[in-house]
Amino acid sequence: MSRLDKLIAELCPDGVKFMPLHEITKMSAGDRVTKANMNANDLYPAMGAGIIPTGKYSDWNRENCITISRAGAGAGSIGWHPEKFWATDVCFTAEETDENIALIKYIYYAMTAQETELKKHIYGGSMPKIDKMYLWNLLIPLPPIEVQREIVRILDAFTALQAELSAELSARKKQYEYYRDKLLTFDELGTRGGIDS
């Protein structure tokens with residue numbers, strides 16, 4: 001039996017309660033900033049319709065919180081941002097309100113587990129938007145804090161491993177391309193020139 005199984009058996013033998021997202025976090029929209037106000041030399045990433053920054057801005061308005069893209073092609077995408085950043089008006093944010101009830105990183109993982117379902121609640125044709133009411137009332141399973149901490153620990157470890165494996169895969173791909181190109185390069189005389197076998 002794993003440590004997590006023991007914690008669940010001990011602390012929540014009758015299951016866990018579910019609570020709406022807006023009752024366990026501070027939900028809000030970001031603040032408007034245009035591309036014209038952004039500069040590549042500014043310090044803070046500006047987050048909007050997606051999980052990749054839309055640019056950089058000179059100020060920050062959020063840190064250690066979840067972003068949910070509210071409109072555009074990335075509507076419904078969920079991001080985790082431990083660093084200071086500028087949340088634009090094209091995203092919603094969820095911030096921790098009471099670490100004794102719900103850890104924000106745990107809520108992030110719980111939301112990503114429901115991201116596919118969340119994206120089913122996007123409406124609008126040319127400018128897709130997430131259903132704000134559905135998002136605000138998204139039910140989050142809420143085990144005791146000790147269980148939340150253990151889930152975050154486990155998922156953080158897998159996230160780090162995934163990043164390490166992605167970096168290794170990228171390095172191996174570059175290595176493969178280098179050797180492929182060297183092995184398949186011939187000079188005008190038809191002699192392979194490149195690497196020693």
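Note: the structure precedes this text.
I will try to describe carefully the structure that is included in this document. (Residues numbered from 1 in each chain as written. Predicted model: local features only at pLDDT ≥ 70, side-chain atom pairs only at ≥ 80, totals over all residues. Heavy atoms only, no water.)

**Quick word on the pairing of strand S5 (residues 65–69)**
Of all 5 residues in S5, 5 are buried; the element is thus mostly enclosed. Bridge analysis of S5 against strand S6 (residues 78–81) gives 4 bridges, and the strand direction is antiparallel. Considered in S6, the bridge of Thr67 is made with Gly79. (Buried < 20%, exposed > 50% of the residue type's maximum accessible area, 1.4 Å probe, protein only. Helix = DSSP H or I, 4+ residues; strand = E, 2+ residues; numbered from the N terminus. Pairing = 2+ DSSP bridges.)

**Side note on the sheet that holds strand S7 (residues 86–87)**
Ordered in space as S4-S3-S7, the 3 strands form an open sheet in which the pairing is mixed. In this open sheet, the two strands that pair with only one neighbour each are strand S4 (55–57) and S7. By the bridge criterion, 2 bridges tie strand S3 (residues 44–47) to S7 in an arrangement that is parallel. Paired with Met47 across the bridge in S7 is Ala87.

**What to know about the environment of Arg180**
By the secondary structure assignment, Arg180 is in helix H6 (residues 145–183). Along the sequence, Arg180 and Ala160 sit 20 residues apart, while their C-alpha atoms lie 30 Å from each other.

**A look at the side chain of Glu95**
With respect to the secondary-structure elements, Glu95 resides in strand S8 (residues 91–96). Once residues lying within four places of it in the same chain are set aside, the contact partners of Glu95 are Thr25, Lys26, Ser28, Arg62, Cys65 and Ile104. (Contact = heavy atoms within 4.5 Å.)

**Topic: the pairing of strand S11 (residues 139–142)**
Side-chain alternation along S11 places Ile140 and Leu142 on a buried face and Leu139 and Pro141 on a face that remains uncovered. In the sheet, strand S1 (residues 17–20) pairs with S11 via 4 bridges, with the strands oriented antiparallel. Counterpart to Lys17 in the pairing with S11 is Leu142.

**Some details on the sheet that holds strand S2 (residues 25–29)**
The sheet built from 4 strands is open, its strands ordered S2-S8-S5-S6 with antiparallel pairing. Either end of the sheet is taken by a strand with one partner, and the two such strands are S2 and S6. Direction aside, neighbouring strands of the sheet carry axes that sit 25 degrees apart on average. Sheet topology places S2 next to S8; 5 bridges connect them, and they run antiparallel. Opposite Met27, over in S8, you have Ala94 as the bridge partner. Here helix H3 (residues 104–112) sits on the sheet and contacts S2, S5, S6 and S8; the angle it forms with S6, its principal contact strand, is near 160 degrees. (Axes fitted to C-alpha atoms, helices over the stretch in contact; angles between N-to-C directions.)

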